[in-house]
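Fold and contact review
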2 protein chains.
Amino acid sequence: MYTAPVLIAGEWCQAAESGRFHPVNPSTREQLSQAYPVSSWHDCDTALDAAVLAAEQLNACPASARAQFLEHFADLIEADAKSICALAAEETGLPIHPRLLEVELPRTTNQLRQAARAAADGSWARATIDTSANIRSIHRAIGPVVIFGPNNFPLAFNGVSGGDFAAAIAAGNPVIAKAHSAHPGTSQLLARLAHQALQASGLPTSTIQVLYATSRADGLKLVSDPRTGAVAFTGSRSAGLTLKQAADEVGTPIYVELSSINPVIMLAGALRENSAALAEEFANSCLMGTGQFCTSPGLLILPEGADTTVFMQHSADLFDSKPIGTLLSEDTEANLRQTTQELIASGAKVLTKNLNCDPARFCRPNTLLAITGKEFLLQANRYQAEAFGNTALIVVSKSTEETCQIINSLEGNLTGSIYSAIDSSDDTDYNQVEPILRARVGRLLNDKMPTGVAISPAMNHGGPFPASGHPGFTAVGIPASLIRFSKLHCYDNVRNNRLPALLQDDNPTGAWRLINEEWSQSAL
Amino acid sequence: MYTAPVLIAGEWCQAAESGRFHPVNPSTREQLSQAYPVSSWHDCDTALDAAVLAAEQLNACPASARAQFLEHFADLIEADAKSICALAAEETGLPIHPRLLEVELPRTTNQLRQAARAAADGSWARATIDTSANIRSIHRAIGPVVIFGPNNFPLAFNGVSGGDFAAAIAAGNPVIAKAHSAHPGTSQLLARLAHQALQASGLPTSTIQVLYATSRADGLKLVSDPRTGAVAFTGSRSAGLTLKQAADEVGTPIYVELSSINPVIMLAGALRENSAALAEEFANSCLMGTGQFCTSPGLLILPEGADTTVFMQHSADLFDSKPIGTLLSEDTEANLRQTTQELIASGAKVLTKNLNCDPARFCRPNTLLAITGKEFLLQANRYQAEAFGNTALIVVSKSTEETCQIINSLEGNLTGSIYSAIDSSDDTDYNQVEPILRARVGRLLNDKMPTGVAISPAMNHGGPFPASGHPGFTAVGIPASLIRFSKLHCYDNVRNNRLPALLQDDNPTGAWRLINEEWSQSAL
């Protein structure tokens, strides 16, 4: 049986394979029939050469061509929405309705279209002009971008259709997508549509290349190859840190999104005002997507007291009564079982009663654990270990001071949320807690669960280490997410006709440019 | 004899020393009388704790206080200009006139004042607001910034007064300056003035701390300590890469500026038009500061031919006739002797005749070497090794294609310059050469030598690895250089009165903010 083709140098072709694998349907635990190749270094090498050439050619293509490609790709995805979601459901166990078809797919096309507008507009590149010194600078494409997509968002974070992809292309780079091996068919289908749009676009056909899997060693070689311009990785901490080390060593920018427990703090007044609704909100957020969001709240800190006791019982009941979702893979299931067990072995009490779940699919029971703040602080590292999936941990704190200590013991996270009373009764506590939380998270929320990363220009999907590799960048949000895949180019006394379009005196697209320290859309 | 005090936790105090050293006067080769301490880890540890506290306190200080501090510090430097420059001359061998007093000191105070304006203004922080989603984000101080200053700019790049210092403070961070051990007295004098301005400012007195030296192991510990927010290093490649590895491992942003040969390409028409003037320009730039600028042109590529032969002879004569400057240290002298010898051993011809120089001071003869393009390409790595100081290498290329190959063999550099005819006779060659050079440099120049890094908002003092550690950042230029020392903070649904000033609806300072994708200085 042939393995599915890879997309290299503008052609669908048989991989130079060093092995093969089958994806699995998480809803049935059964292997799917199509085999996919593990690419050997030969594929990576060919792809890198092709990407370098594509990068040079892309330099000469107008930004409008990239914009048109992204729009067209979004159109093709929409036209094929049902097939894409059916296949994604089969490979990930995620429900078609509403998750894939009504939420994730529109998010994906929205991102592509926002990226198209950003490419056409040009403001993302921060053109900066100093007229008196005749020095001008701008952010420009960095070169081939290698994207390792995660398993939890087969469309919106896919290396061949998601946010990193959109940002890299919009910024003028070719992409080599290392599709996640858990959903290779979905990736292939998206790649076929991307390739179709590419061929219609006039862009170099090697602008997008797709592999399904490589060996660990070849992954490291790929990220540290001199032809690679930048790397984006979303996934497990251990894999991400290994790749990061390899890229760091050769000075290749790498953006990793590794892990987050997204602490939520509910202050006493908030609980007093609204405990029942907050318990619903909490349970829904924890269990959304079976807890498999990078922004799932894994840690909830509550103040000791009667309201909390009621909240905990109510939440446990909700966990027990809500449906048990399907986990993405056997590894996800095994890891969740293990990390949950470790939390219990460390001393966490199990609040939920339901210990069983459907053996026919990858799943674990919705599990709510609890620990006192004192116990948490004695083993802070163990208790903040991410249990990726439908397990969450409540920490019952005896005082605001103790809450501050608990937050202080946390690593960097993507998000932190504080619920406080609508009246001002929690304000003193908020002011104590907020600065400590603020320093540890990329995004601070009030009165909101962290799941739901709006594709807003003001979004920060990033945060202090180890949530991400550099706290100054966001992976979501346009145009800000584009800057990661760029380098700063200064032109000193360069003759006008030799300048890139966005640095010339005229400004036909009306891009925002910083001219003599004033932002303007005008010509010079 | 006591060693000079260090500045830790707001106090001048005796170091917890693990050793001591004396700076040397490069003009006499003699040790200076004052001894300085090598700080043990205890000093670093105390400084880090104090910096963490200062960072928290700085968060509550208005930006205007930082601005006032920076202005006042600039005033104090100007008032003490003669003493500062006399001491700097004694420790570095750099001339008081015009270099230190008329060029570098004004550059230093200019930088501090520009940073003051940037701090007060707030536009640097890129406040971004999405009103419909009520999501707001902004760049904010990252935490204690450890700065390792280089030896070649005792004022303008000094960890306690230079560009990194100004940017870090303006962005709201405390600074721990690891002053360069070659000019500790200059650093101490500047630090005394900084401390004086600090005490008058109302800012936390631990905002600035200064050590003169640490062991190599403690330097690594310092950059990888969890209390360190970010690191800036300018200096040798080997030291910088070692520090980078340590900081990268713990996810601490580190900005390194390591080495650059700043290739200059003169095309045939430019030489034909202007050979004599270009030879002067070249010689002056190479020998400026005895070739000890990060932007000194170490490599000049010329087209084979009669004009080039004349140019080379003329340049050699200029190198032989111009004064021989003093090198910064014994190490600089030894390294320059060695790297020059290695170039000659590899096959470079010596064009200059003068082989001697004053034994009473650190110096080497002005040395101009030459090689053919063919020979360069056979040992490209050896021939592009940086010879820091008054040695330069001319490569005579037989064709534009060969010139392209030579540039293609170069590592990342800070700058690249192309001289071309004023008439259009070099345009075809320029268009062949430019893209290859452009991809390898942070700043591209036309008809200009690279020495002279204008403190312009549009400057890029940075470039692809290994010129710097990340090609998206500049170390010079305000406000752009501030962003390195910041992290992105997003506020999602956060109540208005809890937002930082620059994200509130009002905009009293008129900072530029990106509101619903439009830059504006208005209130919401």
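Model, not experiment: these values are computed from the prediction.

Further remarks concern the interface of chain A and chain B. Each side of the interface is counted separately: chain A has 64 residues, and chain B has 64 residues. Note on chain A versus chain B: buried area summed over both sides is about 5300 Å², and carbon and sulfur give 51% of it. Our count for the chain A to chain B interface comes out at 8 salt bridges. Ionic pairing is found between B:Arg443 and A:Asp492, a salt bridge with its closest N-O pair at 2.7 Å.

Moving on, we get to the domain arrangement of chain A. Often, the extent of an interface is quoted as the loss of accessible area upon association of its parts. Residue and element names in this part refer to chain A. We note that the domain assignment places domain 1 (6-19 + 32-125 + 142-258 + 473-482) and domain 2 (264-446) within chain A. Taking the mean C-alpha position of each, domain 1 and domain 2 sit 33 Å from one another. Tallying the contact residues gives 11 residues for domain 1 and 12 residues for domain 2. Across the domain 1 to domain 2 interface the summed buried area is about 880 Å²; carbon plus sulfur atoms make up 54%. Contact with domain 2 buries surface across domain 1, with Asn151, Asn152 and Glu257 losing the most and accounting together for 41% of the total. Counting the contacts that link domain 1 with domain 2 gives 1 salt bridge. Put simply, Arg237 and Glu411 hold a salt bridge, and the shortest N to O gap is 2.7 Å. Between the two partners, domain 1 and domain 2, sit 2 residue pairs in polar contact (both at pLDDT 80 or more). Taken together, the residues of the side of domain 1 that touches domain 2 sort by class into 3 nonpolar, 4 polar and 4 charged.

A few words now on the relation of the copies chain A and chain B. Superposition of chain A onto chain B requires a rotation of 180° combined with a translation of 0.0 Å along the rotation axis, giving an RMSD of 0.0 Å. The transformation just described matches what one would write down for a two-fold rotation axis.

Before going further, it helps to examine the packing of aromatic side chains. In this structure the tally under the stated criterion is 28 aromatic pairs over all chains. On the numbers, 5.9 Å between centres and 90° between planes, the contact of A:Tyr255 with A:Phe485 is edge-to-face. Of the two residues, A:Tyr255 is situated in strand 13 (residues 254-257) and A:Phe485 in the loop between strand 20 (441-446) and strand 21 (486-492); the sequence distance between them amounts to 230 residues. For A:Phe485, a relative accessible area of 0% gives the class buried. Arranged with centres 5.8 Å apart and planes meeting at 20°, the rings of B:Phe69 and B:Phe73 form a pair that is stacked. Separated by 4 residues within a single helix, B:Phe69 and B:Phe73 lie in helix 2 (residues 63-79), roughly one turn from each other. Here B:Phe69 matches B:Phe73 in class, with each residue buried. Taken together, the ring pairs connect A:Tyr255, A:Phe473, A:Phe485, B:Tyr255, B:Phe473 and B:Phe485 into an aromatic cluster.

Further remarks concern the packing of helix 14 (residues 400-408) of chain A against helix 15 (residues 427-438) of chain A. When two helices pack together, their arrangement is given by the angle between their axes and by how far apart the axes lie. All names here are of chain A. Orientation of helix 14 relative to helix 15, taken along the N-to-C sense of each, is 10°, at an axis distance of 9 Å. By the criterion of interaxial angle, the relationship of helix 14 to helix 15 is roughly parallel. The segment helix 14 lies against helix 15, with Thr400, Glu401, Thr403, Cys404, Ile407 and Asn408 engaging Asp429, Gln432, Val433, Ile436 and Leu437. In the contact of helix 14 with helix 15, the residues fall into 5 nonpolar, 4 polar and 2 charged.

The subject of this paragraph is the sheet that holds strand 7 (residues 128-130) of chain A. Read from one edge of the open sheet, 12 strands run 23(A)-22(A)-7(A)-8(A)-21(A)-20(B)-19(B)-14(B)-15(B)-18(B)-17(B)-16(B), paired in mixed fashion. The outermost strands of the open sheet, each flanked by one partner alone, are strand 23 (518-520) of chain A together with strand 16 (349-350) of chain B. Bridge count for strand 14 (residues 264-266) of chain B against strand 19 (residues 413-419) of chain B is 3 bridges, and the pairing is parallel. Residue pairing for strand 19 of chain B: B:Met266 is matched across the bridge by B:Tyr419.

Our next topic: the pairing of strand 17 (residues 367-372) of chain B. Residues and elements named next belong to chain B. The buried count for strand 17 comes to 5 of 6 residues, which makes it a mostly enclosed element. When strand 16 meets strand 17, the two strands line up antiparallel, connected through 2 bridges. Bridging across to strand 17, Val350 finds its partner in Leu369. In this sheet, strand 18 (residues 391-397) lies alongside strand 17 in parallel orientation, the contact comprising 6 bridges. The residue bridging Leu368 from the neighbouring strand is Ala392, located in strand 18.

Bringing empty space enclosed by the protein into the picture now. Taken as a whole and judged by the stated rule, the model has 6 cavities of 30 Å³ or more. Estimated volume of the largest cavity: approximately 260 Å³. Along the lines of polarity and charge, the residues of the lining of the largest cavity split into 8 nonpolar, 7 polar and 4 charged.

All names here are of chain A. If you trace the backbone, Thr290 turns up in the loop between helix 9 (268-287) and strand 15 (299-303). At 3.4 Å, the side chain of Thr290 and the backbone oxygen of Thr326 are in polar contact. Discounting residues that sit within four places of it in the chain, Thr290 has contacts with Gly325, Thr326, Leu327, Gly389 and Asn390.

This part is about the environment of B:Phe148. Residue and element names in this part refer to chain B. Within the secondary structure layout, Phe148 lies in strand 9 (residues 145-148). Taking the C-alpha atoms as reference, Phe148 lies 11 Å from Ala230; in sequence the two are 82 residues apart. Excluding its chain neighbours within four sequence positions, the residues that come into contact with Phe148 are Lys178, Gly219, Val223, Val231, Ala232, Phe233, Thr234 and Leu243.

Time to look at the pattern of salt bridges. All names here are of chain A. All told, the structure shown has 42 salt bridges over all chains when counted by the stated rule. Of the charged contacts in the structure, one is a salt bridge between Asp248 and Lys244, with a shortest N-O distance of 2.7 Å. With Asp248 and Lys244 both in helix 8 (residues 237-249), this residue pair falls 4 residues apart, about one helical turn. Take Asp248 and Lys244: they sit in the same class, and that class is buried.

Now for unusual backbone geometry. Backbone phi values are negative for most residues with the exception of glycine, while trans is the configuration of most peptide bonds. A cis amide bond links A:Ile478 to the next residue, A:Pro479, at an omega of 15°. Relative to the elements of secondary structure, A:Pro479 occurs in the loop between strand 20 and strand 21. You will see that A:Asn516, though not glycine, has its phi angle at about 50°, which is positive. When you line up the elements, A:Asn516 lands in the loop between strand 22 (513-515) and strand 23. Take A:Asn516: its relative accessible area is 36%, and that puts it in the partly exposed class. You will see that B:Arg126, though not glycine, has its phi angle at about 50°, which is positive.

Attention now goes to the state of the cysteines. Structurally, a disulfide amounts to a covalent bond that connects the sulfur atoms of two cysteines. Under the criterion given, the structure shown has 0 disulfides over all chains. No disulfide involves B:Cys286; its nearest neighbouring cysteine sulfur is the one of B:Cys294, lying 15 Å away. Here B:Cys286 falls in the buried class, since its relative accessible area comes to 4%. No disulfide involves B:Cys490; its sulfur sits 14 Å from that of A:Cys294, the nearest cysteine.

Turning our eyes to something else, we now look at the UniProt feature "domain: Aldehyde dehydrogenase" (unreviewed entry) in chain A. Within this structure's numbering, the places UniProt gives as "domain: Aldehyde dehydrogenase" (unreviewed entry) are residues 14-421 of chain A. The span residues 14-421 of chain A is 48% helical and 18% strand by assignment, and the distance between its end C-alpha atoms comes to 60 Å.

Conventions adopted
Residues numbered from 1 in each chain as written. Chains lettered and ligands numbered in written order. Predicted model: local features only at pLDDT ≥ 70, side-chain atom pairs only at ≥ 80, totals over all residues. Heavy atoms only, no water. Contact = heavy atoms within 4.5 Å. Buried area = accessible area lost by both parts, 1.4 Å probe. Salt bridge = Lys/Arg side-chain N within 4 Å of Asp/Glu carboxyl O. Domains from an automatic or database assignment. Polar contact = N/O pair within 3.5 Å; in protein donor to acceptor, adjacent residues only side chain to side chain. Nonpolar A, V, L, I, M, F, W, Y, C, P; charged D, E, K, R; others polar. Least-squares fit on C-alpha atoms with pLDDT ≥ 70 in both. Phe/Tyr/Trp six-rings, centres within 6.5 Å; stacked < 30°, edge-to-face > 60°. Helix = DSSP H or I, 4+ residues; strand = E, 2+ residues; numbered from the N terminus. Buried < 20%, exposed > 50% of the residue type's maximum accessible area, 1.4 Å probe, protein only. Axes fitted to C-alpha atoms, helices over the stretch in contact; angles between N-to-C directions. Parallel < 35°, antiparallel > 145°, perpendicular 65-115°, else oblique. Pairing = 2+ DSSP bridges. 1 Å grid on protein atoms, 1.4 Å probe; cavity = no way out; pocket = protein on both sides within 12 Å on 5 of 7 lines; lining within 4 Å. Points joined across faces, edges and corners; volume = space filled by probe spheres on them. Disulfide = S-S within 2.5 Å. UniProt positions renumbered as here; feature names shortened; annotations may be inferred.

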